[in-house]
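What follows is the residue order along each chain.
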Amino acid sequence: MNHNLLQFKQMAAKQVILSFSLIFSLAFIPLLIFSAQAVPLERLNSLRVIKSVNKNGPFLGLITVYAPEEEAFFSTGVFRPDSRHPFVDLSGRRFQIGKVAGKKVIYVKCGVGLVNAAAATQQMLDLFDIKGVIHFGISGNANSSMHIGDVTIPYQVAQTGLWDWLKPNATLEPNDFAQFDFKNYNAPKGGDNKLGHVGYSTEQFYSTSGEVNVPQRPVWFNITKNWLNVASHLQGMKLEQCANSTLCLPQKPKLVVGLKGATSNFFIDNAAYTDFLFKTFGVTSLDMESSAVVMTCLSNGYPVIAIRGMSDLAGTQEGDNTIRLFGTLAALNTAKVVISFVNSLPGIYISKF
């Protein structure tokens, strides 16, 4: 009798264990399916490569924008890809790992516009062992003292695409710090229009240096001071004057450190608007990415610098935009400045900056 009771209890215990196992399995299988769906295999493989790459860090981050700038950079021949992990593909972008001037770097082409620039920068900072970012590319020129082929390293950049577009006679919003009134730029003079005016708003800037979840409201974002000091010693370096054997600039291009830059999601080829931006903001370079890269780096507490080559006159020229003629030359001069800057840094361990 006792033996039969013992067998019954053992069988009951096994049934309970099997029931719990089945319940656990049914509950766990969806989690496995969800995990597989949430993190694609390709991304998991990329993350494993990144983990291996980071063992050899830290790195300088190099971020440019689109194909002509990338081609100019690699045409210099200074980039030496890593023999084991020359690149890793992530979210449709290729992050290339190697060395420039003996410094370990990770390079990426972000794509045109503020969203692309901010997304690529944040991804680089989050996933790689980065100690600072060098952003570079070509830009329009709003400053008559600068010329096509020149290169500028601004000490400040602003995002001039945050607009409050208002009716004619409407009052400005409290956060607007400048105003563009369309009727002041009517051509020919005398008429009026219903486009109204644009008020320029401040950024909502969250950063490691500010109060958590409370945005600051700046207009200008400052380039890392010590990096700017390193760059200032490059002024006077030789830049290319000719795009090819038959197409040359009338003057020798120069590098100028310490001007201002403006960024927005507009390709500007309009003389009146370019003139307004220069007179109102005092900017030289007009581009579509710099402030996004700078703002993202500063938000996360990383050193950053922006280097931009003058490819066109942003609409103040006669005839077609000269980016088609001198864009490649401007990109090459920009790449030369980037290389000289990397070479001038005292070492890859740049956290001291």
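Residues numbered from 1 in each chain as written. Predicted model: local features only at pLDDT ≥ 70, side-chain atom pairs only at ≥ 80, totals over all residues. Heavy atoms only, no water.

Enquirer: Honestly, the packing of aromatic side chains in this entry has me stumped. Any pointers?
Expert: Any pair of aromatic rings gets described here by the distance separating the centres and the angle formed by the planes. Inspection of the entire model under this criterion finds 23 aromatic pairs. Taking 4.7 Å as the distance between ring centres and 70° as the angle between the ring planes, the aromatic pair formed by Phe-180 and Phe-276 counts as edge-to-face. In this pair, Phe-180 is assigned in strand S10 (residues 178-181) and Phe-276 in helix H6 (residues 271-281), connecting sequence segments 96 residues apart. On the basis of relative accessible area, Phe-276 is assigned to the buried category, the value being 5%. Measuring from centroid to centroid gives 6.5 Å for Phe-276 and Phe-281, while their planes differ by 85°, and the two rings are edge-to-face. Judged by its relative accessible area of 6%, Phe-281 falls in the buried class. Pairwise contacts between aromatic rings join Trp-163, Trp-165, Phe-177, Phe-180, Phe-182, Tyr-185, Tyr-200, Trp-220, Phe-266, Tyr-273, Phe-276 and Phe-281 into one cluster. One residue, Arg-94, lies across the ring of Phe-87, its end atom 3.7 Å from the ring centre. Above the face of the Trp-220 ring, Lys-260 is positioned so that its terminal group lies 4.3 Å from the ring centre. (Phe/Tyr/Trp six-rings, centres within 6.5 Å; stacked < 30°, edge-to-face > 60°. Helix = DSSP H or I, 4+ residues; strand = E, 2+ residues; numbered from the N terminus. Buried < 20%, exposed > 50% of the residue type's maximum accessible area, 1.4 Å probe, protein only. Lys NZ or Arg CZ within 6 Å of the ring centre and 35° of its normal.)

Enquirer: What exactly am I supposed to notice about unusual backbone geometry here?
Expert: Excluding glycine, a negative phi dihedral is what most residues carry, and trans is how most peptide bonds are arranged. A cis amide bond, omega 5°, links Gly-57 with the succeeding residue Pro-58. Mapped onto the fold, Pro-58 is located in the loop between helix H2 (41-54) and strand S1 (59-64). You will see that Ala-101, though not glycine, has its phi angle at about 55°, which is positive. Unusually for a residue other than glycine, Ala-314 sits at a positive phi of about 55°. Within the element layout of this structure, Ala-314 appears in the loop between strand S16 (304-312) and helix H8 (323-344).

Enquirer: Honestly, H6 in this entry has me stumped. Any pointers?
Expert: Side chains of residues three or four places apart in an α-helix project in the same direction, reflecting 3.6 residues per turn. Taken as a whole, H6 has its buried residues at Tyr-273, Thr-274, Phe-276, Leu-277 and Phe-281. Across the axial projection of H6, the buried residues extend over an arc of 160°, all falling on one side. With a side-chain oxygen lying 3.2 Å from the backbone nitrogen of Ala-272, the N-terminal cap of H6 falls on Asn-270. Two residues or fewer after H6 comes Gly-282, characterised by a positive phi angle close to 70°. (Arc of directions from axis to C-beta. Polar contact = N/O pair within 3.5 Å; in protein donor to acceptor, adjacent residues only side chain to side chain.)

Enquirer: How should I be thinking about the packing of helix H4 (residues 114-127) against helix H7 (residues 290-300) in this particular structure?
Expert: The relative placement of two packed helices is expressed as an angle between their axes plus a distance between the axes. Viewed as axis vectors pointing N to C, H4 and H7 meet at an angle of 35°, and their least axial separation amounts to 8 Å. Between H4 and H7 lies a crossing whose hand is right-handed. Across the interface between the two elements, Leu-114, Ala-117, Ala-118, Thr-121, Gln-122 and Leu-125 from H4 touch Ser-291, Ala-292, Val-293, Thr-296, Cys-297 and Asn-300 from H7. Considered class by class, the residues forming the contact of H4 with H7 number 7 nonpolar, 5 polar and no charged. (Axes fitted to C-alpha atoms, helices over the stretch in contact; angles between N-to-C directions. Left-handed = near helix turned anticlockwise from the far one by under 90°. Contact = heavy atoms within 4.5 Å. Nonpolar A, V, L, I, M, F, W, Y, C, P; charged D, E, K, R; others polar.)

Enquirer: It is not clear to me how the confidence of the model for the chain should be interpreted in this structure. Could you clarify?
Expert: Predicted coordinates in areas of low pLDDT are best not read in detail. Averaged over all residues, the pLDDT of the chain is 88; the fraction at 70 or higher stands at 86%. Note on residues 22-26: pLDDT is under 50 here. Beyond four places in sequence and across chains, it has 0 contacts. In this model, residues 348-353 is a region of pLDDT below 50 whose contacts with residues beyond four sequence positions or in other chains number 19 contacts. (pLDDT = per-residue confidence, 0-100.)

Enquirer: Any chance you could explain the pattern of salt bridges here in plain terms?
Expert: Note that side chains of opposite charge can pair when their charged atoms are close. Scanning all chains against the criterion turns up 7 salt bridges. A salt bridge links Lys-336 to Glu-240; its shortest N-O distance comes to 3.2 Å. Note that Lys-336 is positioned in helix H8 and Glu-240 in the loop between helix H5 (225-232) and strand S13 (255-257), a separation of 96 residues in sequence. Between Asp-275 and Lys-279 there is a salt bridge, with the nearest N and O atoms lying 3.1 Å from each other. Taken as a pair, Asp-275 and Lys-279 lie in helix H6 at a separation of 4 residues, close to a single helical turn. (Salt bridge = Lys/Arg side-chain N within 4 Å of Asp/Glu carboxyl O.)

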